[in-house]
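Examination of the molecular architecture
Chain by chain, the residues run as shown.
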Amino acid sequence: MAASGGADAAFAVKAAEGELMPFPVREALIVEAEQALGRRLPPTFRERLTKDNGGEVATADDDWTIHPVWDPTDRRTIARTASHIVKEVDQARAWAGFPSDAIPLAINDQGDRIIVRAARDDPEVWDHETGLITPIDIDWR
């Protein structure tokens, strides 16, 4: 890759490899997403987003891709946040068996979701094949 490509070229390589580097997001954009979702996101998840809006997190059993909040700051952040959390809620709620009060925070390669439900901040895993919901211990950092 030519050195003249700079950050855009590096981003293109990461995007082509399926690895989008997380980036910080302004608090105002998190608040905007929360207003659209109708609830405040869990504090530890919010903290993660302010430092790394998106990216991945690993648990004992799986690797998860975090849904970012929409960031229209520039074309790079628009591209990196296209699958933002508000959009993902709309899509997930169309699936049979997805809890109507759930907000998906992350997805794994199999299509399962880490969710939070209304008035709860404890994350759970929703299994897309069985519909079962189980608690999950996760460190968003």
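All of these numbers come straight from a predicted model, not from anything done at the bench.

Section: the packing of aromatic side chains
With the rule as written, the count across this model stands at 4 aromatic pairs. Judged by centre distance (5.8 Å) and plane angle (15°), the ring pair of tryptophan 95 and tryptophan 126 falls under stacked. One end of the pair, tryptophan 95, is in the loop between helix H5 (85-92) and strand S3 (102-107); the other, tryptophan 126, is in strand S5 (residues 124-126), with 31 residues separating them in the sequence. With 4.9 Å between their ring centres and 80° between their planes, phenylalanine 98 and tryptophan 126 make a pair best called edge-to-face. Placement of the pair is phenylalanine 98 in the loop between H5 and S3 and tryptophan 126 in strand S5, with a sequence separation of 28 residues. Here phenylalanine 98 matches tryptophan 126 in class, with each residue buried.

Let's talk about the sheet that holds S3
Taken together, the 6 strands give an open sheet; going across it, the order is S1-S2-S3-S4-S5-S6, and neighbouring strands pair in antiparallel fashion. Both outer strands of the open sheet, strand S1 (56-58) and strand S6 (133-135), are each paired with one neighbouring strand and no more. When the angles between neighbouring strand axes are averaged without regard to direction, this sheet yields 40°. Set on the sheet, helix H3 (residues 43-51) makes contact with S1, strand S2 (63-66) and S3; between it and S2 the angle comes to about 70°.

A word on the pairing of S3
Extensive coverage of S3 is indicated by the burial of 5 of its 6 residues. In this sheet, S3 lies alongside S2 in antiparallel orientation, the contact comprising 2 bridges. Opposite isoleucine 66, over in S3, you have alanine 106 as the bridge partner. As paired strands, S3 and strand S4 (residues 113-117) are joined by 5 bridges and run antiparallel to one another. Following the sheet pairing, isoleucine 103 is matched in S4 by valine 116. Hairpin remark: S3 followed by S4, antiparallel, with 5 residues in the connecting loop; positive phi at glycine 111, about 100°.

Topic: the environment of arginine 141
On the secondary structure map, arginine 141 appears in the segment after S6. Note on arginine 141: relative accessible area 75%, which makes it exposed. Taking the C-alpha atoms as reference, arginine 141 lies 8.9 Å from aspartate 52; in sequence the two are 89 residues apart. Polar contacts involving the side chain of arginine 141 include one to the side chain of aspartate 139, which spans 2.9 Å.

About the criteria used
Residues numbered from 1 in each chain as written. Predicted model: local features only at pLDDT ≥ 70, side-chain atom pairs only at ≥ 80, totals over all residues. Heavy atoms only, no water. Phe/Tyr/Trp six-rings, centres within 6.5 Å; stacked < 30°, edge-to-face > 60°. Helix = DSSP H or I, 4+ residues; strand = E, 2+ residues; numbered from the N terminus. Buried < 20%, exposed > 50% of the residue type's maximum accessible area, 1.4 Å probe, protein only. Pairing = 2+ DSSP bridges. Axes fitted to C-alpha atoms, helices over the stretch in contact; angles between N-to-C directions. Contact = heavy atoms within 4.5 Å. Polar contact = N/O pair within 3.5 Å; in protein donor to acceptor, adjacent residues only side chain to side chain.

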